[in-house]
Amino acid sequence: MKFSGNNVLVTGGSRGIGAEICKTLANFGLKVWINYRSKPEVADALKDEIEKNGGNAAVIKFDATNETEFIEAINLIVQTDGELSYLVNNAGITNDKLALRMKTEDFTSVINANLTSAFIGCREALKAMSKKRFGAVVNIASIVGETGNAGQVNYAASKGGMIAMSKSFAKEAASRNVRFNCVTPGFIETKMTEILNDEIKKTYEANIPLKKFGTPNDVANGVAFLLSDYASYITGEVLKINGGLYM
């Protein structure tokens, strides 16, 4: 894939899907800024792996829910590299329970971690990208934001809000040649799904038209496409990466 930009910030980039996104984008020649909040050794190990494979990476510590830290991080990237070309808002949490048992703080904590943090990133990235009149943002939402899910009222609200927010940013940013899109992963092979027993996995897979879980690489390739020049005429869209589970 072809990229006109030079660098990318991936929030929550040191582990899981975020790490796979970092490795994929580095393989395409971008300098990857790997955001982490804790466990610097994990982020450093990913940086070393990327560099051993010929890529370019840097680690940057900040809490994506902390507005001041997020702003300072983007400013540091711009000061260091002279620009910010791409942003992937991947950081997020879950706190699942039935709505009748969900406390207000259980709801707002997930909204803040998933949606508010992405808003801060989108807003600050747009400021930086507007100066060059070039850039692209991909927000990692979820199939749950499209379908809802029992026990995940907070998570569904955060991801559904992310989709609507991305469309609104896309409308505001189009005149500045900055694009905003979402991906909505379905069941992906991660540590969260590894704990499921085989019987439950088979039940889930039976409902997926492609009859299998996706991989982090499936998500990373979708993100890379939306950031790339190949998607230069795509903005405000939702790319479903779910094996056909929701069409």
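Residues numbered from 1 in each chain as written. Predicted model: local features only at pLDDT ≥ 70, side-chain atom pairs only at ≥ 80, totals over all residues. Heavy atoms only, no water.

**Thoughts on the pattern of salt bridges**
Right, so step 1: Applying the stated criterion to the full structure yields 11 salt bridges.
Right, so step 2: K127 serves as the salt-bridge partner of E124, at 3.1 Å between the closest nitrogen and oxygen. Placement of the pair is E124 and K127 together in helix α4 (residues 104-132), with a separation of three residues, close to one helical turn. (Salt bridge = Lys/Arg side-chain N within 4 Å of Asp/Glu carboxyl O. Helix = DSSP H or I, 4+ residues; strand = E, 2+ residues; numbered from the N terminus.)

**A few points about the sheet that holds strand β2 (residues 31-36)**
Right, so step 1: With parallel pairing, seven strands are arranged side by side in an open sheet as β3-β2-β1-β4-β5-β6-β7. Of all the strands in the sheet, the pair left with one neighbour each is β3 (56-61) and β7 (238-241). Across the sheet, the mean angle from the axis of one strand to that of its neighbour is 20°, orientation sign disregarded.
Right, so step 2: Relative to β3, β2 runs parallel, the two sharing six bridges. Note on β3: the bridge partner recorded for I34 is V59.
Right, so step 3: Set on the sheet, α4 makes contact with β4 (86-89), β5 (135-140) and β6 (178-185); between it and β4 the angle comes to about 175°. (Pairing = 2+ DSSP bridges. Axes fitted to C-alpha atoms, helices over the stretch in contact; angles between N-to-C directions. Contact = heavy atoms within 4.5 Å.)

**Observations concerning the pairing of β5**
Right, so step 1: With respect to burial, β5 is a largely interior element, six of its six residues being buried.
Right, so step 2: Both faces of β5 are covered, namely the face carrying G135, V137 and N139 and the face carrying A136, V138 and I140.
Right, so step 3: As paired elements, β4 and β5 share four bridges and run parallel to each other. Across the sheet, L87 pairs through a bridge with V137, a residue of β5. (Buried < 20%, exposed > 50% of the residue type's maximum accessible area, 1.4 Å probe, protein only.)

**So, helix α6 (residues 153-173)**
Right, so step 1: Helix length check: α6, at 21 residues, gives a terminal C-alpha distance of 30 Å against a target of 30 Å (1.5 Å per residue), a fit within 8%.
Right, so step 2: Looking at α6, one finds that the buried residues are N154, Y155, A156, S158, K159, M162, I163, M165, S166, F169, A170 and A173. (Expected span 1.5 Å × (residues − 1).)

**With respect to the UniProt feature "binding site: NADP(+)" (unreviewed entry) in the chain**
Right, so step 1: Following the UniProt record, the feature "binding site: NADP(+)" (unreviewed entry) maps to G12, G13, S14, R15, N90, Y155, A156, A157, S158, K159 and I188 here. Maximum C-alpha separation among the annotated residues is 25.1 Å over a sequence range of 177 residues, too wide for a single clustered spot.
Right, so step 2: Note on placement: A157 falls in helix α6.
Right, so step 3: Residue contacts for A157: discarding those within four places in its chain leaves F107 and I111.
Right, so step 4: Structurally, the position occupied by S158 is in helix α6.
Right, so step 5: For S158, a relative accessible area of 0% translates into the label buried.
Right, so step 6: Filtering out sequence-adjacent residues up to four positions away, S158 remains in contact with V110, I111, N114 and L115.
Right, so step 7: At a separation of 2.7 Å, a polar atom in the side chain of S158 contacts the main-chain carbonyl oxygen of Y155. (UniProt positions renumbered as here; feature names shortened; annotations may be inferred. Polar contact = N/O pair within 3.5 Å; in protein donor to acceptor, adjacent residues only side chain to side chain.)

**Let's talk about the environment of G151**
Right, so step 1: Examined against the element boundaries, G151 turns out to sit in the loop between α5 (144-147) and α6.
Right, so step 2: Look at G151 and you get buried, because its relative accessible area is 13%.
Right, so step 3: In the structure, G151 is positioned 53 residues away from L98 in sequence and 4.2 Å away in space, judged by C-alpha atoms.
Right, so step 4: Filtering out sequence-adjacent residues up to four positions away, G151 remains in contact with D96, K97 and L98.

**A look at the environment of I111**
Right, so step 1: Mapped onto the elements of the fold, I111 is located in helix α4.
Right, so step 2: Every residue in contact with I111, bar those within four places of it in the chain, is listed here: T116, N154, A157 and S158.

**Things to note about the UniProt feature "domain: Ketoreductase" (unreviewed entry) in the chain**
Right, so step 1: In this structure's numbering, the residues bearing the UniProt feature "domain: Ketoreductase" (unreviewed entry) are residues 6-191.
Right, so step 2: This span, residues 6-191, is 51% helix and 18% strand, and a straight line between its end C-alpha atoms measures 31 Å.

**Considering the packing of aromatic side chains**
Right, so step 1: Going through the model one piece at a time under the given rule, you end up with eight aromatic pairs.
Right, so step 2: Ring geometry for Y86 versus F134: centroids 5.9 Å apart, planes at 75°, classification edge-to-face. Separated by 48 residues along the polypeptide, Y86 in strand β4 and F134 in the loop between α4 and β5 bring together distant segments of the chain.
Right, so step 3: Geometrically, the ring pair formed by F169 and F180 is stacked, given 5.0 Å between the ring centres and 25° between the ring planes. Here F180 lies in strand β6 and F169 lies in helix α6, a separation of 11 residues in the sequence. Like F180, F169 is buried. (Phe/Tyr/Trp six-rings, centres within 6.5 Å; stacked < 30°, edge-to-face > 60°.)

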